[in-house]
Amino acid sequence: MKLFSGITVIDDGMNESIRGMRSEMKLLQLITNNITRFGVAGYQKKIPIKTSFAEYIGSHGVDAITDTTPGRMRLTGNPLDFIIETHGYFQVQGKDAIKLIRDGRFEISKDGYMVTLDQEKVLGTDGEPIHFEKIPGNLKDIKVDPDGTINLYNKDYTKKIFVGRFSIASEEGTPIKEGIVRQGYTEESNVNLADEFFNMIPIRRNFEANKQAFILQSDNINKLIQMLGRGQ
């Protein structure tokens, strides 16, 4: 078989069937991962794709892209729950590097830092962790504007106290100024279970087709070997 590039590929049907099954298995694994992460807050599903000449390179020709569509919004009323209505990610200080997350369920640590549920510090636009000089006695005193600005209000204060501003970044890590933040909501995953189960159907059919082709070829080879054996 000759490809457009001029490369000639000589292969047998059994190897093609094996590569086909491996490709479908990898596609199925990506969809299964989406289904198992349906209930993970802020999870963005992976869309499986087949690259050029996937039929010749097997599972190496299967890749995935991230669907950055915002997930479903759920009202919680918790002052420390946040979502980004638009595309973009919160930046948090991970163990070894800055991480990008969509899960905006935060807490205030004992030393006044805003942290994730995994106790990773949430970063502001100045690149520093967001910190409360005084931990508010009532979390409802924390008010966040749509642009991500965090202020602290209290009837005992004569003016609002600026705390910081969420650092919203793109998938590449560059700042996003037009990100819209909402307080009192959590973002569920953007996985649609019906779509995922529907997408599994052709993959399973293709796997079964490759499996049957492999079995048929294997049977034919076994018959040929038996015939050759009897001829000896």
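Residues numbered from 1 in each chain as written. Predicted model: local features only at pLDDT ≥ 70, side-chain atom pairs only at ≥ 80, totals over all residues. Heavy atoms only, no water.

## With respect to the pattern of salt bridges
For the structure shown, the criterion picks out 8 salt bridges. Across the salt bridge formed by Asp 67 and Lys 45, the nearest N and O atoms sit 4.0 Å from each other. With a gap of 22 residues between them, Asp 67 in the loop between strand S2 (62-66) and strand S3 (73-75) and Lys 45 in the loop between helix H1 (13-36) and strand S1 (46-50) connect regions that are remote in the sequence. Both residues of the pair, Asp 67 and Lys 45, belong to the buried class. We note a salt bridge from Arg 102 to Glu 187, for which the minimum N-O separation is 2.9 Å. Here Glu 187 lies in strand S15 (residues 185-187) and Arg 102 lies in the loop between strand S6 (98-101) and strand S7 (104-108), a separation of 85 residues in the sequence. Each of the two residues, Arg 102 as well as Glu 187, counts as buried. (Salt bridge = Lys/Arg side-chain N within 4 Å of Asp/Glu carboxyl O. Helix = DSSP H or I, 4+ residues; strand = E, 2+ residues; numbered from the N terminus. Buried < 20%, exposed > 50% of the residue type's maximum accessible area, 1.4 Å probe, protein only.)

## What about unusual backbone geometry?
Here the phi dihedral of Gln 119 falls at roughly 65°; this positive angle occurs in a residue that is not glycine. When you line up the elements, Gln 119 lands in the loop between strand S8 (114-116) and strand S9 (121-122). You can call Gln 119 partly exposed: its relative accessible area is 46%.

## Quick look at the packing of aromatic side chains
Summed over all chains, the structure comprises 5 aromatic pairs. Seen from their ring centres, Phe 82 and Phe 106 are 6.0 Å apart, and the 35° between their planes marks the pair as tilted. Residue Phe 82 is found in strand S4 (residues 81-84), and its partner Phe 106 is found in strand S7; the two are separated by 24 residues along the sequence. Grouping residues by exposure puts Phe 82 and Phe 106 together as buried. Ring geometry for Phe 106 and Phe 166: centres 5.9 Å apart, planes at 40°, overall tilted. One end of the pair, Phe 106, is in strand S7; the other, Phe 166, is in the loop between strand S12 (161-165) and strand S13 (168-169), with 60 residues separating them in the sequence. Given the relative accessible area of 1%, Phe 166 is considered buried. (Phe/Tyr/Trp six-rings, centres within 6.5 Å; stacked < 30°, edge-to-face > 60°.)

By themselves, these figures tell us nothing about what the structure is for.
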